[in-house]
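# Secondary and tertiary structure notes
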Amino acid sequence: MSDTTHDGAVATSPAPSPDDGLTPSQLAEKYGLAVSGARPGLLEYVSQLWGRRHFILAFSQAKLTAQYSQAKLGQLWQVATPLLNALVYFLIFGLILQANRGMSTDVYVPFLVTGVFVFTFTQSSVMAGVRAIAGNLGLVRALHFPRASLPVSFSLQQLQQLLFSMVVLIAVVVVFGSMPTWSWLLVVPALALQFVFNTGLALIMARLGSKTPDLAQLMPFIMRTWLYASGVMFSIPEMLKDRPAWIADVLMYNPAAVYMDLIRFALIDEYGSSNLPDHVWAAGLGWALLVGIGGFVYFWKAEERYGRG
């Protein structure tokens, strides 16, 4: 069909396109197009994350190195910080408030130092997770990679920091009378379970923190409450023996207390199984699987929204 214009020229109408009438989804399917940054399937996402394992390790090591690069003592602060915290808690809770009831000094000091080091591992992983996405928006928006790499990397950074600190922790335990035994090998599975738990928690906090930056200001208060409720500075059964039994049970089965008790039991000779809740290893495994897997799936479900305005 043709039309005549006002100057006598003949104009032809364009030929119909074979794509006329197709919806955007039909067009994408026809030409093999995919949404940019779309969330992959869960198994594919795990595969992509495994493919970035070298980046995750290198990123965590770089962050660990840079953490205290401006301080004169440098990496010594990795050990000095929890030790100073333990000293403060010993002065306040051990000497002034007599929170060491039921334990001799030879047991209480390694009990306290172990609790501070192990709880700091979880605390630091949570705080790093809150800022994992919000604090690295430039990287998230510039490159395409599984966003879970960031909170996983931060948790791995905290694990490496704890392993450095374990040298001092072991020295404290030995100085106060607990010699190396086969039970010390239990530290390995206990830390592995705690790492899985911490990583899942960091993933959960990373998703929440990506949309709620103010969460980073609130978390120190939540973590401080968790610290006081986890028996870092005192024995929960001994401190609450005059209270209803269910209160002590709830506090002893909270994950921070579970992992602290597992490592205390492994390292301290006089901290026997009577100080542990029933089925403590099952509780540690359950928390690791529940929070580790649940946190990973929860983070993955929002994968395509990270870094967008």
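Structure: see above.
Worth saying up front: this structure is predicted, and the values here are computed from it rather than measured.

## Considering the environment of Ala202
Counting through the fold element by element, Ala202 comes out in helix α8 (residues 187–211). Considering only alpha carbons, one finds Ala202 and Arg131, 71 residues apart in sequence, at a separation of 9.4 Å.

## Brief notes about the packing of α8 against helix α12 (residues 255–267)
In the contact formed by α8 and α12, the axes pass within 9 Å of each other and the chain directions differ by 165°. With respect to α12, the element α8 is oriented roughly antiparallel. In this structure, the crossing between α8 and α12 has a hand that is left-handed. Between α8 and α12, the contacting residues are Val187, Ala190, Leu191, Leu193, Gln194 and Phe197 on the first element and Pro255, Tyr259, Leu262, Ile263, Ala266 and Leu267 on the second.

## What about the environment of Gly115?
Structurally, Gly115 is set in helix α5 (residues 105–130). Once residues lying within four places of it in the same chain are set aside, the contact partners of Gly115 are Val232, Met260 and Arg264.

## Side note on the nonpolar core
One finds Tyr108, Phe119, Leu150, Met219, Met233, Leu267 and Phe299 to be the most contacted residues of the largest nonpolar core, which totals 84 residues. For Phe299, the contacting residues outside a window of four places in its chain are Tyr45, Ile133, Arg147, Ala148, Pro151, Leu203, Ala206, Arg207 and Tyr306.

## Thoughts on helix α13 (residues 280–300)
If you check α13, its first and last C-alpha atoms are 30 Å apart, about what 21 residues at 1.5 Å a residue would give, namely 30 Å. Turning to α13, its buried residues number three or more, namely Val280, Ala283, Gly284, Ala288, Val291, Gly292, Gly295, Phe296, Phe299 and Trp300. For α13, the secondary structure elements touched by its buried residues are α2 (42–51), α7 (149–175), α8 and α12.

## Thoughts on a nonpolar patch on the surface
Side chains of Leu84, Leu87, Val88, Leu91, Ile92, Leu95 and Ile96 sit close together on the surface and give an oily, nonpolar patch of about 630 Å² of accessible area. Positionally, Val88 belongs in helix α4 (residues 77–96). You can call Val88 partly exposed: its relative accessible area is 47%.

## Some remarks on the packing of aromatic side chains
For any two aromatic rings, the description comes down to two numbers: the centre-to-centre distance and the angle of the planes. Enumeration according to the criterion identifies 10 aromatic pairs in this entry. Taken together, the ring pairs in this structure connect Phe55, Phe59, Phe145 and Phe154 into an aromatic cluster. Sitting over the face of the ring of Phe145, Arg147 holds its NZ or CZ atom 4.8 Å from the ring centroid. Positioned above the aromatic ring of Tyr298 is the side chain of Arg207, whose terminal nitrogen or guanidinium carbon lies 4.1 Å from the ring centre.

## Focus: the side chain of Thr122
Relative to the helices and strands, Thr122 is located in helix α5. Judged by its relative accessible area of 2%, Thr122 is buried. Apart from the residues lying within four places of it in its own chain, the contact partners of Thr122 are Gln194, Phe197, Asn198, Leu201 and Trp226.

## Regarding the side chain of Ser125
By the secondary structure assignment, Ser125 is in helix α5. At 2.8 Å, the side chain of Ser125 forms a polar contact with the backbone oxygen of Phe121. Setting aside chain neighbours within four positions, we find Ser125 in contact with Ser155, Gln158, Asn198 and Ala202.

## Comments concerning the environment of Ser178
In this structure, Ser178 sits in the loop between α7 and α8. Taking the C-alpha atoms as reference points, Ser178 and Pro110, 68 residues apart in sequence, are found 9.1 Å from one another. When sequence neighbours within four positions are dropped, the list of residues in contact with Ser178 reads Val173, Trp184, Leu267, Ile268 and Asp269. A polar atom in the side chain of Ser178 sits 3.1 Å from the backbone nitrogen of Asp269.

## Here we look at unusual backbone geometry
The residue His279 is not glycine, and still its phi comes out positive at about 55°. Relative to the helices and strands, His279 is located in the loop between α12 and α13.

## Considerations on a positive patch on the surface
Taken together, Arg39, Lys211, Lys301 and Arg305 make up a surface patch of like positive charges. With respect to the helices, strands and loops of the structure, Arg305 is situated in the segment after α13. In this structure Arg305 comes out as partly exposed when scored by relative accessible area, which is 41%.

Rules and cut-offs
- Residues numbered from 1 in each chain as written.
- Predicted model: local features only at pLDDT ≥ 70, side-chain atom pairs only at ≥ 80, totals over all residues.
- Heavy atoms only, no water.
- Helix = DSSP H or I, 4+ residues; strand = E, 2+ residues; numbered from the N terminus.
- Axes fitted to C-alpha atoms, helices over the stretch in contact; angles between N-to-C directions.
- Parallel < 35°, antiparallel > 145°, perpendicular 65-115°, else oblique.
- Left-handed = near helix turned anticlockwise from the far one by under 90°.
- Contact = heavy atoms within 4.5 Å.
- Core = buried A, V, L, I, M, F, W, Y, C linked by side-chain atoms within 4.5 Å.
- Buried < 20%, exposed > 50% of the residue type's maximum accessible area, 1.4 Å probe, protein only.
- Expected span 1.5 Å × (residues − 1).
- Patch = residues over 30% accessible without salt bridge, like charges linked within 9 Å, V, L, I, M, F, W, Y side chains within 5 Å.
- Areas by Shrake-Rupley, 256 points an atom, 1.4 Å probe, with all protein chains shown as cover.
- Salt bridge = Lys/Arg side-chain N within 4 Å of Asp/Glu carboxyl O.
- Phe/Tyr/Trp six-rings, centres within 6.5 Å; stacked < 30°, edge-to-face > 60°.
- Lys NZ or Arg CZ within 6 Å of the ring centre and 35° of its normal.
- Polar contact = N/O pair within 3.5 Å; in protein donor to acceptor, adjacent residues only side chain to side chain.
- Lys, Arg positive; Asp, Glu negative; His and termini not counted.
- Charge placed at Lys NZ, Arg CZ, Asp CG, Glu CD.

Keep in mind these numbers describe shape, not what the thing actually does.
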